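# Architecture and fold: a report
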Amino acid sequence: GYEDRGRYREAIVPEYLRDYERKKFAKEIKGLKVVVTHLPYPRKYKVKDVTREPASKLSFDFEGKPCTVKNYFKTVYNRDLKYPNLPCLHMEGKMQYIYIPMELCKVLAQNCNRKLTSDQTTAMIRATAKPARERRSEILGKLREARFDEDPLLKDFGITVNKQLATIEGRVLDPPKVQYKDKSNVRPVNGAWDMRKDKFYNGVTVDKWAIVVFPRNFREDDLRKFVYQLCKAGEQYGMEMAQPSKVHLFQQ
């Protein structure tokens, strides 16, 4: 989670990670490059995994004796860990075991070729799917903020940037046509086909289908209503739907 602090959002760090949280986090951070903050120089690592044990319990051999990561950083770097109950990052390297507390790592800017989460996909769509007028206004605003006409380097190379968007010729493509039952070709209205009063040109027959019920607050009356409404909707659009051949209660 995050906590608002004026213009910035400060992460709310948990006291510990449950095992399923650790696995989920390890999947996201594995392979990313980080830089450590406890050294006087920017030492970079690549994350291999996230340790099961926290820094206060994770130990290794140090000068012939077992030593926890927490005590090691206190002894060698005089660093008191703020989050000793969080796991460490297991780094790739020549040594087999390189454990760094997460609070002493910063993720570097880098390409991350991974599938977006549902939240990230939603945020990307919101950022890109903007009306043309709004996008035009945003681009021109960024252009004014850049102040290319005041850049001495561009002037030295004789480069100028037009403050207006380029104008090109365009054409509107004819929309595809759809044919419903007992109707000629139908054109879309406002980018959509409205078939609330129409039926499919060739409605299929669904004679075998099943229902899987996850019985949380399950009521048989709700199931009967669902089947009735689904079959009625299919009939409305020209489909023939038989009763479900099987109803399976999923037991976890």
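### Quick word on the environment of Ile211
Inspection of the secondary structure assignment puts Ile211 in strand E13 (residues 210-213). Expressed as a C-alpha distance, the spacing of Ile211 and Val227, which sit 16 residues apart in the sequence, is 9.2 Å. Excluding its chain neighbours within four sequence positions, the residues that come into contact with Ile211 are Leu223, Phe226, Val227, Pro244, Lys246, Val247 and His248.

### Concerning the sheet that holds strand E7 (residues 87-91)
In spatial order, the strands read E8-E7-E4-E3-E9; together these five strands make up an open sheet with antiparallel pairing. Strands at the two margins of the open sheet, each flanked by one partner only, are strand E8 (99-101) and strand E9 (105-107). Taken pair by pair, the neighbouring strands of this sheet meet at an average axis angle of 50 degrees, ignoring direction. With three bridges joining them, strand E3 (residues 33-36) and E9 adopt antiparallel strand pairing. From the neighbouring strand, Val35 faces E9, where its bridge partner is Lys106. Relative to strand E4 (residues 44-54), helix H1 (residues 19-29) is tilted by about 170 degrees, and along the sheet it contacts E4 and E7.

### Structural notes on the nonpolar core
Ranked by size, the top nonpolar core spans 26 residues in total, and within it Val69, Leu89, Met91, Ile100 and Cys105 carry the most contacts. Within the residue set of this core, elements represented by two or more residues are H1, E3, E4, helix H2 (69-77), E7 and E8. Apart from the residues lying within four places of it in its own chain, the contact partners of Met91 are Val34, Tyr45, Lys46, Val47, Lys48, Ile98, Ile100 and Cys105. Counting six residues, the second-largest nonpolar core is a separate cluster that includes Ile211, Leu223, Val227 and Cys231.

Each value, and the rule that gives it
Residues numbered from 1 in each chain as written. Predicted model: local features only at pLDDT ≥ 70, side-chain atom pairs only at ≥ 80, totals over all residues. Heavy atoms only, no water. Helix = DSSP H or I, 4+ residues; strand = E, 2+ residues; numbered from the N terminus. Contact = heavy atoms within 4.5 Å. Pairing = 2+ DSSP bridges. Axes fitted to C-alpha atoms, helices over the stretch in contact; angles between N-to-C directions. Core = buried A, V, L, I, M, F, W, Y, C linked by side-chain atoms within 4.5 Å. Buried < 20%, exposed > 50% of the residue type's maximum accessible area, 1.4 Å probe, protein only.

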